[in-house]
Amino acid sequence: PHSSTLFQFTLCTLYGNLDNHFGYAFPWSPVCWFPLSASTEEHEFHHSKNMGCFGTKLSIFNSMFGGYEQYNKFKGKQEKEM
């Protein structure tokens, strides 16, 4: 690939990883602006339970392969407790 394309891809990937691993969902994060992007909350669930939500920033893969099954159960339990 062209060097500027590689540089842009690297920056976007680094920013996405930092956004996921801060442990806080920033509401102003540009990563949230994309319609198929997974949330930081989903990534936190993945690290805490190690089940589901395997797509890092593309939620379409979780939808296609059933990655949200455990996450939706978890969210349902949380909502019932509140």
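Caption draft 1: The arrangement of the packing of aromatic side chains in detail. Under the definition given, this model contains 3 aromatic pairs. The interplanar angle of 65° and the centroid separation of 5.4 Å between the aromatic rings of Phe 45 and Tyr 71 together place this pair among those described as edge-to-face. You can see Phe 45 sitting in helix H2 (residues 40–49) and its partner Tyr 71 sitting in helix H4 (residues 69–81), a full 26 residues away along the chain. Judged by relative accessible area, which is 3%, Phe 45 ranks as buried. The class of Tyr 71 is buried, set by a relative accessible area of 8%. Each ring, one from Phe 45 and one from Phe 74, has its centre 5.1 Å from the other, and the planes form 40°; the classification is tilted. Of this pair, Phe 45 sits in helix H2 while Phe 74 sits in helix H4, and the two are 29 residues apart along the sequence. A relative accessible area of 26% places Phe 74 in the partly exposed class.

Caption draft 2: Main features of a nonpolar patch on the surface. On the surface, Leu 36, Leu 58, Ile 60, Phe 61, Met 64 and Phe 65 cluster together to form a nonpolar patch covering roughly 620 Å² of accessible area. Position of Ile 60 among the secondary structure elements: in helix H3 (residues 59–65). Look at Ile 60 and you get partly exposed, because its relative accessible area is 35%.

Caption draft 3: Quick look at the environment of Met 64. Tracing the backbone through its elements, the reader meets Met 64 in helix H3. For the pair Met 64 and Glu 41, spaced 23 residues apart in sequence, the C-alpha separation works out to 19 Å.

Caption draft 4: Structural view of H2. By the burial criterion, the buried members of H2 are Thr 40, Glu 42, His 43, Phe 45 and His 46. Of the surrounding secondary structure, the elements contacted by the buried residues of H2 are helix H1 (3–21) and H4. A positive backbone phi angle near 55° is found at Asn 50, which sits one or two residues after H2.

Caption draft 5: Quick peek at the environment of Gln 70. Looking at where Gln 70 falls in the secondary structure, it is placed in helix H4. Separated by 48 residues in the primary sequence, Gln 70 and Phe 22 place their C-alpha atoms 23 Å from one another. Among residues more than four places away in sequence, those in contact with Gln 70 are Phe 45 and Met 51.

How each quantity is defined
- Residues numbered from 1 in each chain as written.
- Predicted model: local features only at pLDDT ≥ 70, side-chain atom pairs only at ≥ 80, totals over all residues.
- Heavy atoms only, no water.
- Phe/Tyr/Trp six-rings, centres within 6.5 Å; stacked < 30°, edge-to-face > 60°.
- Helix = DSSP H or I, 4+ residues; strand = E, 2+ residues; numbered from the N terminus.
- Buried < 20%, exposed > 50% of the residue type's maximum accessible area, 1.4 Å probe, protein only.
- Patch = residues over 30% accessible without salt bridge, like charges linked within 9 Å, V, L, I, M, F, W, Y side chains within 5 Å.
- Areas by Shrake-Rupley, 256 points an atom, 1.4 Å probe, with all protein chains shown as cover.
- Salt bridge = Lys/Arg side-chain N within 4 Å of Asp/Glu carboxyl O.
- Contact = heavy atoms within 4.5 Å.

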